[in-house]
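Commentary on secondary and tertiary structure
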Amino acid sequence: MDRVLEQIIRRRALDRCEYCRMPEAASDLKHVLDHVIARQHGGRAQATNLALCCGRCNQFKGPNLAGIDPQTHQMSRLFHPRRDVWTEHFRYEEAVLIGLTPVGRATIATLGINLPIRVAVRQALIDTGNSF
Ligand SMILES: [Zn+2]
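Here goes a summary of the coordinates provided. (Residues numbered from 1 in each chain as written. Predicted model: local features only at pLDDT ≥ 70, side-chain atom pairs only at ≥ 80, totals over all residues. Heavy atoms only, no water.)

**Comments concerning the pairing of strand β5 (residues 90–93)**
To keep things clear, this is the line we draw: Each residue is placed in one exposure class: buried if its accessible area under a 1.4 Å probe, protein chains only, is under 20% of its type's maximum, exposed if it is over 50%, and partly exposed if it falls in between. Runs of H or I in DSSP of at least four residues are treated as helices and runs of E of at least two as strands, each being numbered from the N terminus. One bridge is not enough; two strands pair if DSSP finds at least two bridges between them.
Burial along β5 is one-sided: the face carrying F90 and Y92 is buried and the face carrying R91 and E93 is not. As defined by bridge partners, β5 adjoins strand β6 (residues 96–99) across four bridges and the pair is classed as antiparallel. Paired with E93 across the two strands is V96, which belongs to β6. If you look at the hairpin formed by β5 and β6, you'll find two residues sitting between the two strands, and E94 has a positive phi there, around 55°.

Take a look at the structure:
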């Protein structure tokens, strides 16, 4: 990966995961550059297809492009950080991320964003003055 491109992506994301908004400084794993559309699906390593992603979201996302909305049980595409507006699909209630749309809910479910350990970590960060 081009170092200049990586710096551009990191700055653009303000060093936060573009899915769950975890700050890199508060994470035990280094944030990585996610191919929003995975390479195996033809996604390219360019700014319009790259997003800063925490290690947890990246592990769960893998090459997935879609997931199941747990509310409707229908398939939905995942959140696309370059094309979608985060606040249209998500909002935090304390440490729990709420999906406002099928895209938001499918993304939360597929990426394991509200797994109990991840909620506990965010709550500990909130308790020490961080916000999401
Ligand atoms: Zn994340």
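**Digging into helix α1 (residues 3–12)**
Note the threshold: To obtain the arc, one takes the directions from the helix axis to the C-beta atoms.
Among all positions of α1, only L5, I9 and R10 are buried. All buried residues of α1 project into a common sector of 135° when viewed along the axis, lining one side. Opposite the packed face of α1, turned more than 90 degrees from it, sit the exposed residues R3, V4 and R11. Looking one or two places after α1, you find L14, whose phi comes out positive at around 55°.

**With respect to the packing of aromatic side chains**
Keep this limit in mind: Centres within 6.5 Å make a pair out of two Phe, Tyr or Trp rings, where for Trp the six-membered ring is used; the pair is then stacked when the planes are under 30 degrees apart, edge-to-face when over 60, and tilted otherwise.
The tally for this structure, following the rule as stated, stands at five aromatic pairs. Centroid distance W86 to F90: 5.2 Å. Interplanar angle 35°. Geometry classified as tilted. When its relative accessible area of 9% is taken as the criterion, W86 is described as buried. With centroids separated by 5.4 Å and ring planes inclined at 45°, the aromatic side chains of Y92 and F132 adopt a geometry described as tilted. Of this pair, Y92 sits in strand β5 while F132 sits in the segment after α5 (116–127), placing them 40 residues apart in sequence. Take Y92 and F132: they sit in the same class, and that class is buried.

**Comments concerning the coordination of the zinc ion**
Under the convention used in this document: Water is not among the atoms examined, so metal sites may look incomplete; donors are the N, O and S atoms within 2.8 Å of the metal, or within 3.2 Å for Na, K and Ca.
Listed as protein donors to the zinc ion are C17 (SG), C20 (SG), C54 (SG) and C57 (SG); their distances from the metal cover 2.3 to 2.4 Å. In the primary structure, the donors to the zinc ion are separated according to the pattern C-x2-C-x33-C-x2-C. With C17 in the loop between α1 and β1 (32–35) and C54 in the loop between β2 (50–53) and α2 (55–61), this residue pair connects regions lying 37 residues apart in the sequence. A relative accessible area of 1% means that C17 is categorised as buried.

**Examining the environment of I108**
Note the cut-off: Residue contacts are counted whenever heavy atoms from the two residues lie within 4.5 Å of one another.
Along the chain, the position of I108 falls in helix α4 (residues 102–110). In the structure, I108 is positioned 44 residues away from N64 in sequence and 13 Å away in space, judged by C-alpha atoms. Those residues in contact with I108, other than ones at most four positions away along the chain, are F90, L97, I98, G99, I113 and N114.

**Quick notes on α4**
Counting buried residues in α4 gives seven out of nine residues, a clear majority hidden from the surface. Taken together, the buried positions of α4 are V103, G104, R105, A106, T107, I108 and T110. Close packing links the buried residues of α4 with α2, β3 (66–68), β4 (75–77), α3 (86–89), β5 and β6. One or two residues past the end of α4 sits G112, with phi positive at roughly 60°.

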